[in-house]
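# Topology and contacts: notes
So the chains spell out like this:
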Amino acid sequence: MKLPFDGAISAYLNDDAPNSVRDVLLDPNASSVLDKSYPYRAKMSKKAYRKAIAALHVELVKFQSWVQSSGVRVALVFEGRDAAGKGGSIKAITENLNPRVTRVVAWSKPTEKEQGEWYVQRYISHLPTAGNITLFARSWYNRSVVERVFGFSSEQQVRDFNAQVPDFERMLVEDGLHLVKFWLNVSRAEQLKRFLKRESDPLKQWKLSSIDVKGLALWEGYSASIRDMFEATDHAAAPWVVVRSDDKKRARLAIIRHILEQFDYDYKDHKAIGDIDPLILAGPDIWNG
């Protein structure tokens, strides 16, 4: 089956990828984690992951039941470069939860009507009501990063957004919304490895888009935009939580543990939750571009 982006990622690797990235990917002796700055050389075993995630899934069900009965509102924002693991992390959270209570919102290109509205207006209507959890697979932060990198927004629009969004989020939090913002950080070599895997798998090729392909050559532009976003929008009411996601298993466990630790829900089992790995999840200070 021929799909639109067959060969596009491989061509980038052969022709345009930086030598440092190409050499790591083609090294037959490379460890399972490609980025040398990542704190672990090998990825977490499936056996250890399955044991940990099973206990966390039980806690997530308890948490959802408490959210529903107590009437709190929870919004979880997932941002990151393409192939950083946002979708997989969201699936790991929601797979045993009630979709009537816990809802995932993903975004397509704004409609003509939405383009004429206040930028965050399209997102407001999807915020959770009492007793509900909403997970945003990307969010209003598209303006800070993707739209800026590809020129879909002007520099003035991006500056205005970065200046205004902390006040917007503070209003949400002051109104009682629990807002948690995750940035999943993937290294350049690991991102390209995941793209190559998607390209070769007919069941995953749908995940590739023209934006993904074009974005491969814009790594530095992304980095500059991400750095500016953190500086402008990391604030006390809704701080950024950065997750090093080269190992998807460790990233997912850290994300779920962080969510559960934010709430004092009924029948909470701290031993089952376990400890958050500070080498994997922390503030923007662990972001390495």
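That block above? That's the structure.
Residues numbered from 1 in each chain as written. Predicted model: local features only at pLDDT ≥ 70, side-chain atom pairs only at ≥ 80, totals over all residues. Heavy atoms only, no water.

Tallying each qualifying case throughout the model produces 23 aromatic pairs. Summarising the aromatic geometry, the rings of Trp66 and Phe263 are spaced 6.0 Å apart at their centres and angled 55 degrees between planes, so their arrangement reads as tilted. One end of the pair, Trp66, is in helix H3 (residues 46-70); the other, Phe263, is in the loop between helix H12 (248-261) and helix H13 (270-273), with 197 residues separating them in the sequence. Each member of the pair, Trp66 together with Phe263, is buried. The residue whose ring lies beneath Arg122 is Tyr123, and the NZ or CZ to ring-centre distance is 5.5 Å. (Phe/Tyr/Trp six-rings, centres within 6.5 Å; stacked < 30°, edge-to-face > 60°. Helix = DSSP H or I, 4+ residues; strand = E, 2+ residues; numbered from the N terminus. Buried < 20%, exposed > 50% of the residue type's maximum accessible area, 1.4 Å probe, protein only. Lys NZ or Arg CZ within 6 Å of the ring centre and 35° of its normal.)

Take Phe168: it is sitting in helix H8 (residues 155-174). A relative accessible area of 7% places Phe168 in the buried class. With 48 residues separating them along the chain, Phe168 and Val120 place their C-alpha atoms 9.0 Å apart.

The next thing to look at is the pattern of salt bridges. This model, assessed by the stated rule, comprises 16 salt bridges. Where Glu59 meets Lys62, a salt bridge forms, and the shortest distance between an N and an O atom there is 2.7 Å. Of this pair, Glu59 and Lys62 both sit in helix H3, three residues apart, which is roughly one turn of that helix. Taking the relative accessible area as the measure of exposure, Glu59 reaches 1% and is therefore buried. Across the pair Arg73 and Asp175 runs a salt bridge, and its minimum N-O distance is 3.1 Å. Note that Arg73 is positioned in strand E1 (residues 73-80) and Asp175 in the loop between H8 and strand E4 (177-185), a separation of 102 residues in sequence. Connected via shared salt-bridge partners are Lys43, Glu190 and Arg194. (Salt bridge = Lys/Arg side-chain N within 4 Å of Asp/Glu carboxyl O.)

Our focus in this paragraph is the nonpolar core. Among the nonpolar cores identified, the biggest contains 40 residues, and Phe63, Phe78, Ile93, Phe182 and Val243 are the most heavily contacted of them. Top contributing element to this core by residue count: H3, with eight residues. Discounting chain neighbours no more than four positions away, the residues touching Val243 are Phe182, Trp183, Leu184, Asn185, Ala251, Ile255, Ile280 and Leu281. (Core = buried A, V, L, I, M, F, W, Y, C linked by side-chain atoms within 4.5 Å. Contact = heavy atoms within 4.5 Å.)

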